[in-house]
Amino acid sequence: MNEINKIKDGINTINKSPLSKLRDVDFLSDVIGQCGLTYDKRNIYGDDILYMNEKPLKNSAAELWKIPGQIVNTSLNKLRDVAFLPDVIKKIARNHKPYKNCRFGLWQIPRQLAEALIYLSDKNIKSFIEIGTYAGFTTLFIVSYLKKFSDFSKCISIDISDLRPDDIKDLFTELNIDHQISTSSKFQNKKFDLCFIDGNHGYNWIKKDFLNIGVNSKFCMFHDINDRNCGKETVPKFWNELKMNNNILFRIEVKEK
Ligand SMILES: C[S@@+](CC[C@H](N)C(=O)[O-])C[C@H]1O[C@@H](n2cnc3c(N)ncnc32)[C@H](O)[C@@H]1O
């Protein structure tokens, strides 16, 4: 099954499951895993590696599959035109540019995300902002899940670039998720029930994201607060400072190995 179908299936499972099932951490962790985890060669998933999506091929067939279609529909004369062919190839490459640096799946440890969502399920979350959309799979999962428990009025995901494949963009539209190319500075002092910080992991950015939005939110989750792969001057440093100030709201952390 391809990666897009996996997240679609996951959303369907959320939509048809009773709330009691969705609060069962084993069930929910499995649903998250079945949605497919982003390929990551750092061995971060432990036993959940079984859910990891395959390594994407470089300039994969997925990127190039449209070429034969274009060629089949083109006259032989055109195909012999030296000005025509490079242009088609350039156009195809441009169309597929966003896919190049993007791996599909949720970049999350299933049980951590499941526990966080179950915790949030009775908190009446009506507005949500995510910093760091990446391919958008995690966004779709979080929003589909929380929408089962409360009516959303505002739902925004921001990133400094748009890496979402077209099918994921369509699902964003279906779920009324507003994707914006932006940083947290644009949302300074805006209030959200839930803020999820998973953008630039550098210390200064984490701090900025928290001070711009997180601190004004009812609930703020950080990703990678305990991820040694991120380096010392990153999320763990800021998280430790925050803990000292007793401002902890919730946490998702990468398991210590
Ligand atoms: C680790 S990925 C996010 C993974 C995603 N939340 C998931 O679970 O699949 C980090 C993302 O943050 C984006 N990013 C980097 N700097 C940013 C910034 N200052 N503001 C918003 N997004 C940023 C990157 O482009 C990248 O897509």
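Definitions and limits used
Residues numbered from 1 in each chain as written. Predicted model: local features only at pLDDT ≥ 70, side-chain atom pairs only at ≥ 80, totals over all residues. Helix = DSSP H or I, 4+ residues; strand = E, 2+ residues; numbered from the N terminus. Buried ≥ 20, exposed ≤ 12 C-beta atoms within 10 Å, placed from the backbone. Contact = placed C-beta atoms within 7 Å. Pairing = 2+ DSSP bridges. Axes fitted to C-alpha atoms, helices over the stretch in contact; angles between N-to-C directions. Near = placed C-beta within 6 Å. Nonpolar A, V, L, I, M, F, W, Y, C, P; charged D, E, K, R; others polar. Parallel < 35°, antiparallel > 145°, perpendicular 65-115°, else oblique. Left-handed = near helix turned anticlockwise from the far one by under 90°. Right-handed = clockwise from strand over helix to strand, strands pointing away.

A. How the structure looks around the overall build of the protein chain. Counting its secondary structure elements, the protein chain contains 13 helices and five strands. Within the span of the protein chain, comprising 257 residues, buried residues form 36% of the whole. Pairs at least 24 residues apart make up 73% of the contacts formed inside the protein chain by residues separated by at least 6 positions.

B. Main features of the sheet that holds strand β2 (residues 154-159). The strand order across the open sheet built from five strands is β3-β2-β1-β4-β5, with neighbouring strands paired in parallel fashion. The sheet is open, and its two edges are formed by β3 (178-181) and β5 (219-222), each paired on a single side. Within this sheet the neighbouring strands show an average axis-to-axis angle of 15°, counted without direction. Bridge count between strand β1 (residues 127-131) and strand β4 (residues 194-197): four bridges; the pairing is parallel. Within the sheet, the bridge partner assigned to Ile129 lies in β4 and is Cys195.

C. Quick look at the site of the ligand. By nearness alone, 19 residues border the ligand, and Trp107, Gly132, Thr138, Gly199 and Asn200 come closest of all. Secondary structure elements with two or more residues in the shell around the ligand: α10 (137-147) and β2. Residues belonging to the shell around the ligand are distributed by class as follows: nine nonpolar, eight polar and two charged.

D. Quick peek at the packing of helix α3 (residues 25-34) against helix α9 (residues 110-120). Closest axis-to-axis distance for the α3/α9 pair is 8 Å, and the angle between their directions is 125°. As far as their axial angle goes, α9 and α3 are oblique. Pair α3 / α9 crosses with right-handed handedness. Contact residues: Val25, Leu28, Ser29, Ile32 and Gly33 in α3; Pro110, Arg111, Leu113, Ala114, Glu115, Leu117 and Ile118 in α9. Its residues assigned to classes, the contact of α3 with α9 shows eight nonpolar, two polar and two charged.

E. A look at the pairing of β5. As judged from the four bridges shared by β4 and β5, these two strands associate in the parallel manner. Across the sheet, the residue bridging to Leu194 is Phe219, located in β5. Crossover handedness for the path β4 to helix α12 (residues 203-212) to β5: right-handed.

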